[in-house]
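The lines below spell out each chain.
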Amino acid sequence: QKEVEQDPGPLSVPEGAIVSLNCTYSNSAFQYFMWYRQYSRKGPELLMYTYSSGNKEDGRFTAQVDKSSKYISLFIRDSQPSDSATYLCAMTNSGTYKYIFGTGTRLKVLA
Amino acid sequence: GAVVSQHPSWVICKSGTSVKIECRSLDFQATTMFWYRQFPKQSLMLMATSNEGSKATYEQGVEKDKFLINHASLTLSTLTVTSAHPEDSSFYICSASGRTMNTEAFFGQGTRLTVV
């Protein structure tokens, strides 16, 4: 079993839809959870950074962490064609920079 | 967020030659830098972790003599792919983190290496 599981997609949605992206993990020691957006042939760009459980909102993006279920989510409201990219979840233990990445979910927002 | 610059963004080299990729933190001191490799439609796989002034720590299965990492200053790390072969063709990405950044790390834009 991989430490971090993420559905690779692709996920296609119409413009304006609410998108839900998810990751599950097995290591209960993970404390920091990140979501990155990666456009084709580019490096990942940090979208959201969350410590421990709870919700965090930034504009159209909301990150949720449920440590009891070992499940994290990223919601994108009012999705736009420019949101079309691969979204990677990443997580790490407290005090370490060694990230474990999910495989990434390819999202396509159709105009 | 902090800026990490990676150079070159793409490179084509002949089999058997060596290629150097640079990773620079532009507006912060990067105490730790990471090198990843990403194959098409796959996730990032950590190759090695380097702390400024010390030897890099390589992940299992990564050949340290083939992938030479130098982190001689707080703003620069280099990855040299020695005696490159076509199977080394991949997307190489660095990330960097500083002392005051908790566990946040910022990524460079990546380098696409093609070995012919």
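Calculation rules
Residue indices begin from 1 for each chain and proceed along its sequence in written order. Going through the entries in the order they are written, you letter the chains from A and number the ligands from 1. In view of the model being predicted, local features appear only for residues whose pLDDT reaches at least 70, and side-chain atom pairs are presented and counted only at 80 or more, with totals across whole chains, interfaces and linings using the full set of residues. For the side-chain quantities, the full set of heavy atoms in the structure was used; hydrogens and water were omitted. To sort residues, take the accessible area from a 1.4 Å probe on protein chains only and compare it with the maximum for the residue type: under 20% means buried, over 50% means exposed, and anything in between is partly exposed. Only DSSP runs of H or I with at least four residues qualify as helices, and only runs of E with at least two residues qualify as strands; both kinds are numbered from the N terminus onward. Criterion used throughout: strands pair if DSSP finds at least two bridges between them. When checking whether two residues touch, look at their non-hydrogen atoms; a contact exists if any pair is within 4.5 Å. Defined in terms of a 1.4 Å probe, buried area is the accessible area two parts forfeit on being brought together, summed over both. When a carboxyl oxygen of Asp or Glu is within 4 Å of a side-chain nitrogen of Lys or Arg, the pair counts as a salt bridge. In protein, a polar contact means a hydrogen-donor-capable atom and an acceptor-capable atom, both N or O and within 3.5 Å, with residues adjacent in sequence counting only if both atoms are side-chain atoms; elsewhere, any N or O pair within 3.5 Å suffices. We call Asp, Glu, Lys and Arg charged. Ala, Val, Leu, Ile, Met, Phe, Trp, Tyr, Cys and Pro are nonpolar, and the rest, Gly among them, are polar. Two cysteine sulfurs form what is called a disulfide whenever their separation falls within 2.5 Å.

Student: So, the pairing of strand β1 (residues 4-7) of chain B: which residues are in play, and what are the values?
Tutor: All names here are of chain B. Only one face of β1 is covered, namely the one carrying Val-4 and Gln-6; the face carrying Ser-5 and His-7 has none of its residues buried. One ladder, built from four bridges, connects β1 with strand β3 (residues 19-25); its direction is antiparallel. Within the sheet, the bridge partner assigned to Ser-5 lies in β3 and is Arg-24.

Student: Explain the interface of chain B and chain A to me, using residue names and the numbers behind them.
Tutor: Contacts between chain B and chain A engage 24 residues on the former and 21 residues on the latter. When chain B packs against chain A, the two sides together hide about 1,700 Å² of surface, and 58% of this comes from carbon and sulfur. The tally of links between chain B and chain A comes to zero salt bridges. Between chain B and chain A we count five residue pairs in polar contact (both at pLDDT 80 or more) in total. Of all the elements in the fold, those that place two or more residues in the side of chain B that touches chain A are β4 (32-38), β5 (44-51), β9 (90-97) and β10 (106-107) of chain B. The element contributing the most residues to the side of chain B that touches chain A is β4 of chain B, with four residues. Among the residues forming the side of chain B that touches chain A, the class breakdown is nine nonpolar, eleven polar and four charged.

Student: Any chance you could break down the state of the cysteines for me, citing the residues and the numbers?
Tutor: Counted according to the given criterion, the structure contains two disulfides over all chains. Residue pairing for Cys-23 of chain A: its cysteine sulfur links by disulfide to Cys-89 of chain A, the two sulfurs lying 2.0 Å apart. Residues Cys-23 of chain A and Cys-89 of chain A are joined by a disulfide whose S-S torsion is about -105°; by sign, that bridge is left-handed. A residue pair is termed long-range when its members are at least 10 positions apart, and Cys-23 of chain A in strand β3 (residues 19-25) and Cys-89 of chain A in strand β9 (residues 85-93) qualify at 66 residues. For the pair Cys-23 of chain A and Cys-89 of chain A, one class covers both residues: buried. Bridging Cys-23 of chain B to Cys-94 of chain B, the disulfide has an S-S length of 2.0 Å. Between Cys-23 of chain B and Cys-94 of chain B, the S-S dihedral sits near 80°, and the bridge is therefore right-handed. You can see Cys-23 of chain B sitting in strand β3 and its partner Cys-94 of chain B sitting in strand β9, a full 71 residues away along the chain.

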